[in-house]
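Listed here are the chains, written in short residue letters.
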Amino acid sequence: MGRLFNDIRSALTSAGIECGEARSIGLMLLEWAVGLSASDVLAGGDDELPACARRRLCPLVKRLAMGEPIQYVTGTTQFCGLNIGVKPGVLIPRPETEELVEAVTGRVGINILDIGTGSGCIALALKHICPMATVTAFDISAEALSIASDNARRLGLDVRFEQCDILAKQPDGRLWDTIVSNPPYVCDEERCEMLPTVSDYEPHIALFVPDSDPLLFYTAITRFATRSLTPGGLLAFEANRRFAFEVEQLLRRSGFDHTEVRQDIFGNNRFVMGTYGLTT
Ligand code: GLN
């Protein structure tokens, strides 16, 4: 390991970033900014960088030390094997959400709708895995839709993006076989438990719901789904672990069958799904 990497790492740890985290952020930064792989860095390759490359890293290290997520600094992240462009207008895709995609893969129909698509990660991953499917994605934010469309274009994946406020949206006669959603689900009162990297930088519109109505989006999406799913169609949610069973109850009360709650890799009750009508 060379001096440059050590300097970056200590700038990050002195700013309060945990050691292991600082190490992986440092490695990601060097790989993205100057093309050095982790093994190059371990072999001390960072010592051979020209002064101009080092200077270019300075402002980036400052942003990281302030707590800005590395994915916004590099403008990119990996999701289900796809390179997804991200900017502060969209949530950074999480590993849990990759599990939502895995959970529905193999169960999706030919017409898929993703509600609250953000960067487009779920819709794009499903289109990538099921190229024959017709995938539509809604979001209320024009900025998110522009980031998602850029991602679709760059990845060569054909997804139809539509601006829509799901809290006001009426069923419009179109039917989908599968509806997936990772809507905002963090309660305002949980904000204080979040890392500042999340609450200071990621879009609040994609994260928070009022304490008085934590199921706000689940209620609206479930109602929409009962009139927009084909018989036997699948509704699959990512949810707040505190409310996963309440979301399941909501699905049951709304006429869904085969409902289930699944845990994520961290052992949290995270995914809720069910099929509508037509019990088989
Ligand atoms: N999983 C995200 C977080 O914990 C929240 C995602 C969401 O609100 N849909 O920051």
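Structure: see above.
Not measured: the values here are computed from a predicted model. (Residues numbered from 1 in each chain as written. Predicted model: local features only at pLDDT ≥ 70, side-chain atom pairs only at ≥ 80, totals over all residues. Heavy atoms only, no water.)

What about the overall build of the protein?
Alright, step 1. Looking only at helices and strands, the protein has 12 helices and 11 strands in total.
Alright, step 2. The globule rule puts the C-alpha radius of gyration for 280 residues at 19 Å, and the 21 Å found for the protein is close to it.
Alright, step 3. Principal-axis analysis of the C-alpha atoms places the extent of the protein at approximately 65 × 40 × 30 Å.
Alright, step 4. For the protein, the residues scored as buried account for 51% of the 280 residues in total.
Alright, step 5. When contacts within the protein are restricted to residue pairs at least 6 apart in sequence, long-range pairs at least 24 apart make up 62% of them.
Alright, step 6. For the protein, the exposed surface amounts to about 13,000 Å²; the carbon and sulfur share of it is 53%.
Alright, step 7. Averaging the positions of the 26 positive and the 36 negative side-chain charges in the protein gives two centres separated by 4 Å. (Helix = DSSP H or I, 4+ residues; strand = E, 2+ residues; numbered from the N terminus. Rg over C-alpha atoms; globule rule 2.2 N^0.38 Å. Buried < 20%, exposed > 50% of the residue type's maximum accessible area, 1.4 Å probe, protein only. Contact = heavy atoms within 4.5 Å. Areas by Shrake-Rupley, 256 points an atom, 1.4 Å probe, with all protein chains shown as cover. Lys, Arg positive; Asp, Glu negative; His and termini not counted. Charge placed at Lys NZ, Arg CZ, Asp CG, Glu CD.)

Brief notes about the site of the ligand
Alright, step 1. The environment of the ligand is formed by Leu91, Arg94, Asn182, Pro183, Pro184, Tyr185, Val186, Met194, Ala206, Leu207 and Glu238.
Alright, step 2. One of the side-chain nitrogen or oxygen atoms of Asn182 is found 2.8 Å away from a nitrogen atom of the ligand.
Alright, step 3. Measuring from a nitrogen atom of the ligand, one finds a side-chain N or O atom of Tyr185 at 2.9 Å.
Alright, step 4. Here the ligand, which alone exposes 300 Å², has 87% of that area covered by the protein.
Alright, step 5. Across the shell around the ligand, the residue classes tally to 8 nonpolar, 1 polar and 2 charged. (Near = heavy atom within 4 Å. Polar contact = N/O pair within 3.5 Å; in protein donor to acceptor, adjacent residues only side chain to side chain. Nonpolar A, V, L, I, M, F, W, Y, C, P; charged D, E, K, R; others polar.)

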